[in-house]
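# Structural description and commentary
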Amino acid sequence: AFRTPWKPMGVGAFGFCVFVCGALAFWGLAARDPWIPLLDGANLLFHEAGHPLFGIFGEGPGLYGGTLMQLLVPLVAAGNFAWRRETAAVALALAWACQNLVNIARYVADAREQILPLVGGREHDWEGILLRWNALALDHEVSRALKGVAVAGLLAIGLWASYRFRADRS
C-alpha cells in the first residue's frame, strides 16, 4: 500500500488543513486556557478510557494509559489514513495528535498546583508520573517542551501538506 501514490488533495482540503494547523498552533501558543470544548471533550473520553484499558497490565501502565490512549487514537487514525494514502486526512489526524499534546501540556503544568478539575476525583496522573521520574519540580519545563513539540509538529504538518499539494500539481 505504501507504493501506491498519495491521493491528490484539492484546494479546499489543502486550505482547510493549513488553516487548522495554523489555528491550532496559534491557539496552543496564545490561549491562556487552550481547551477546545468539543475536541477536548472527546480527548478526555479517550484519556479516561485509557486508564482501565492499560490498567489491565498493572498500576504503572494504568497511570500512563490515559495519556497514551489520548495520543494513540489520533496516531492510529493517521496511520490508517496513511495506509489509504489520504493526504488531508493524515494531516488532520496528526494535527489532532499535536492538539492533544497541547492539552497534555496543560495537564502536566498543573501537576503541582492541581487547579484543573479532575474527572471522578481521581489522583492527578501527571503528579504521579513526574513523582515516579523524580521530576515534579520540572512540571512547567516538561509542559513547555510538550507545547513546543506540538507547535513544531503543527508547522511540520502544514509544510508537509504544502509539499504534497505542490507535488500533486507538478
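Check the entry above for the structure.
So, here is what we can say about the structure in this document.

Criteria and thresholds
Residues numbered from 1 in each chain as written. Predicted model: local features only at pLDDT ≥ 70, side-chain atom pairs only at ≥ 80, totals over all residues. Heavy atoms only, no water. Patch = residues over 30% accessible without salt bridge, like charges linked within 9 Å, V, L, I, M, F, W, Y side chains within 5 Å. Areas by Shrake-Rupley, 256 points an atom, 1.4 Å probe, with all protein chains shown as cover. Salt bridge = Lys/Arg side-chain N within 4 Å of Asp/Glu carboxyl O. Helix = DSSP H or I, 4+ residues; strand = E, 2+ residues; numbered from the N terminus. Buried < 20%, exposed > 50% of the residue type's maximum accessible area, 1.4 Å probe, protein only.

A cluster of nonpolar side chains, Leu53, Ile56 and Phe57, forms an exposed patch at the surface whose accessible area comes to about 370 Å². Structurally, the position occupied by isoleucine 56 is in the loop between helix 2 (37-55) and helix 3 (59-83). Looking at isoleucine 56, the relative accessible area reads 64%, which means it is exposed.

Bringing the pattern of salt bridges into the picture now. On inspection of all chains with the given rule, the structure shows 7 salt bridges. In this structure, glutamate 86 and lysine 7 form a salt bridge, with 3.3 Å as the shortest nitrogen-oxygen distance. Residue glutamate 86 is found in the loop between helix 3 and helix 4 (87-109), and its partner lysine 7 is found in the segment before helix 1 (11-30); the two are separated by 79 residues along the sequence. What makes glutamate 86 buried here is its relative accessible area of 19%. Across the pair aspartate 33 and arginine 106 runs a salt bridge whose closest N-O atoms are separated by 2.7 Å. A residue pair is termed long-range when its members are at least 10 positions apart, and aspartate 33 in the loop between helix 1 and helix 2 and arginine 106 in helix 4 qualify at 73 residues.

Time to look at the environment of leucine 159. Residue position: leucine 159 is located in helix 6 (residues 139-169). Separated by 138 residues in sequence, leucine 159 and cysteine 21 have C-alpha atoms that sit 9.7 Å apart.

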